[in-house]
Amino acid sequence: MSSDVLSMTARELVEHYRNKTLSPVETTRAALDRISRLDPVYNAFVLVDETRALKDARASEARWHKGEPSGEVDGVPATVKDLIVTEGWPTRRGSLTIDASQAWLEDGPPVARMREQGAIFLGKTTTPEFGWKGVTDSPLTGVTLNPWDTRLTPGGSSGGAAVAAATGMGTLHIATDGGGSIRIPAGFCGLFGFKPTFGIVPVHPHSPALTLWHQGPISRNVDDAALMLSVIAQPDSRDWYQVPGGNRDFRAGTSSGVKGWRIAYSKTLGYANVDPEVAELVDQGARAFEALGASVEEVDLDFDDPISIMQPLWAVALALGVSPMTPAQRELVDPPLLELAAPGFDISGLEYRQLERRREDFARRMCNLHCTYDLLLTPQLAVTAFEAGHEVPPGSQRKRWWEWSPFTYPFNLSQQPAATLPCGFTEAGLPVAMQLVGNKFEDAKVLRAARAFEQAHPFLMPKIEEYEPAPLRASTPASG
């Protein structure tokens with residue numbers, strides 16, 4: 001049972017707890033054992049708290065024995081990315097500049113909601129420094145590795161969460177996405193990742209990226225993500241950006257299919273260059289939706305690359321993060337982060353508002369698109385996973401991570417719900433994914449379409465049990 005439980009969905013675990021055929025303590029011990037064996041290989045965790053996890057598991061076990069669970073995730077092992085604050089645990093954000101010895105007094109909203117419903121947090125997962133790039137390595141934790149091939153990156157910035165999900169080191173994984181950080185690692189690791197509409201999941205404290213920054217799930221299947229979203233999309237008075245709502249079950253209707261839906265398919269958004277093997281697999285995925293009863297129409301969106309909007313907004317956000325640092329602290333920071341932050345110090349208030357108006361224009365175009373189409377389908381990434389320790393594929397002539405992830409950041413600008421949907425493997429055995437984008441606040445529609453595809457084309461996970469742990473954990477930060 002100990003190995004089988006780590007492949008179960010959250011719903012299956014809870015059903016076993018209800019029938020008393022499995023204990024949260026057994027599940028938690030199995031997950032902790034797997035972390036102790038595999039994390040030295042993959043480097044997915046910055047912190048693991050075995051004592052607290054087992055204490056919480058025993059409390060969950062007692063509630064289930066009484067028939068009084070705290071909620072729908074009571075006893076389910078979970079992780080949280082180390083950009084989200086946690087009571088009693090340091091939030092280092094991948095940085096040597098943050099003092100771990102200070103008081104850590106509160107949980108961020110998604111952590112608080114999960115704890116209220118009895119989830120068992122195992123620890124905190126790795127991130128690049130302040131989540132600044134699309135791969136996961138940092139001055140604090142070194143390099144995180146891909147479960148499909150330990151020579152490669154899992155993507156980022158939620159790389160630790162994705163690796164933990166793929167390898168069974170927990171069931172539900174809280175991640176963040178300020179420009180693709182949920183969807184990129186989900187794509188490189190063959191997982192389901194979901195960036196909800198901004199405001200659906202309350203945030204506190206907000207990152208310097210403010211309304212670009214979303215929090216949501218990475219999981220091995222759509223149902224787990226929908227369940228987790230139902231738990232964390234609850235009101236929290238600390239976030240004045242939150243939208244009205246709560247008490248919504250995002251699993252409802254996910255098995256109803258997409259017959260009669262109109263899906264717009266854009267292969268490039270008008271500006272992206274996609275590796276041919278990736279493009280062919282996404283084409284096959286698009287055609288699969290036609291087999292499910294949807295009408296898939298190729299569209300020429302002819303967008304200008306919105307990186308011209310996004311990059312200066314990021315520069316301001318990074319400058320906000322860097323500005324309180326002393327000169328000594330800045331010496332400890334990943335050098336490219338300082339380079340990208342530098343222009344942010346020189347952008348005027350007038351220039352910033354002009355950028356926001358351009359952002360509004362882009363988002364309006366997306367709203368108009370969804371007057372005609374239920375969903376937009378794109379490739380998730382332009383490439384497959386590449387060598388770990390690099391920001392871009394070596395030898396590719398690309399300079400920054402957004403050049404190989406051109407489909408992610410537009411939908412942070414527009415705040416739309418967007419999902420990573422695994423759709424096949426290259427000849428080298430690496431996962432490829434497509435992206436489903438919905439109109440703002442139509443998160444349930446995206447989940448419903450994702451579930452329809454998953455039922456027809458189940459996702460495959462790496463066979464971690466076949467791997468022999470080896471001392472591959474990086475002890476020094478990567479360059480770039």
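In what follows, the structure referred to is the one given above.
My aim in this report is to walk through the structure given alongside it, one point at a time. (Residues numbered from 1 in each chain as written. Predicted model: local features only at pLDDT ≥ 70, side-chain atom pairs only at ≥ 80, totals over all residues. Heavy atoms only, no water.)

1. What to know about the nonpolar core
This is how it is decided: The criterion is simple. A nonpolar core is a set of buried Ala, Val, Leu, Ile, Met, Phe, Trp, Tyr and Cys residues joined through side-chain atoms within 4.5 Å. Relative accessibility decides the category of a residue: with a 1.4 Å probe and only protein chains considered, values under 20% of the type maximum give buried, values over 50% give exposed, and everything between is partly exposed.
Among the nonpolar cores identified, the biggest contains 136 residues, and Met114, Phe192, Phe289 and Trp404 are the most heavily contacted of them. In this structure, Ala161, Ala162, Ala175 and Cys189 belong to the second largest nonpolar core, which totals 10 residues.

2. Some words on helix H7 (residues 222-232)
Helical periodicity: at 3.6 residues per turn, an α-helix aligns residues three or four positions apart in one direction. What counts, and what does not: Note on conventions: DSSP H or I runs of at least 4 residues are helices, E runs of at least 2 residues are strands, and numbering of each starts at the N terminus. The contact definition used throughout considers only heavy atoms, calling two residues in contact when any of these lie within 4.5 Å. For this analysis, a polar contact is any N or O atom pair within 3.5 Å, provided that within protein one partner can donate a hydrogen and the other can accept it, and provided that sequence-adjacent residues contribute only side-chain to side-chain pairs.
Within H7, 11 of the 11 residues are buried, which leaves it mostly tucked inside the rest of the structure. Along H7, the residues that are buried comprise Val222, Asp223, Asp224, Ala225, Ala226, Leu227, Met228, Leu229, Ser230, Val231 and Ile232. On the buried face of H7, the contacting elements are helix H1 (10-19), helix H4 (109-116), strand S6 (172-177), strand S7 (192-195), strand S8 (214-219) and helix H14 (443-456). Looking at where H7 begins, the residue whose side-chain oxygen comes 3.2 Å from the main-chain nitrogen of Asp223 is Asn221.

3. Here we look at unusual backbone geometry
Peptide bonds are mostly trans, and most non-glycine residues show a negative phi. Each neighbour pair has its own omega, and for Gly156 with Ser157 the value is 5°, a cis peptide bond. Cis geometry marks the peptide bond from His204 to Pro205, where omega comes out at -15°. Position of Pro205 relative to the elements: it lies in the loop between S7 and S8. Residue Leu210 is not a glycine yet carries a positive backbone phi of 50°. Assignment of secondary structure puts Leu210 in the loop between S7 and S8. With relative accessibility at 35%, the residue Leu210 sits in the partly exposed group.

4. Some remarks on H4
Counting buried positions over the 8 residues of H4 gives 7, a clear majority of the element. For H4, the full list of buried residues reads Pro109, Pro110, Val111, Ala112, Arg113, Met114 and Arg115. The secondary structure elements touched by the buried residues of H4 are helix H3 (50-66), strand S2 (77-81), strand S3 (120-125), S6, S8 and H7. Note on H4: the residue one or two positions beyond its end, Gly118, has a positive phi of about 90°.

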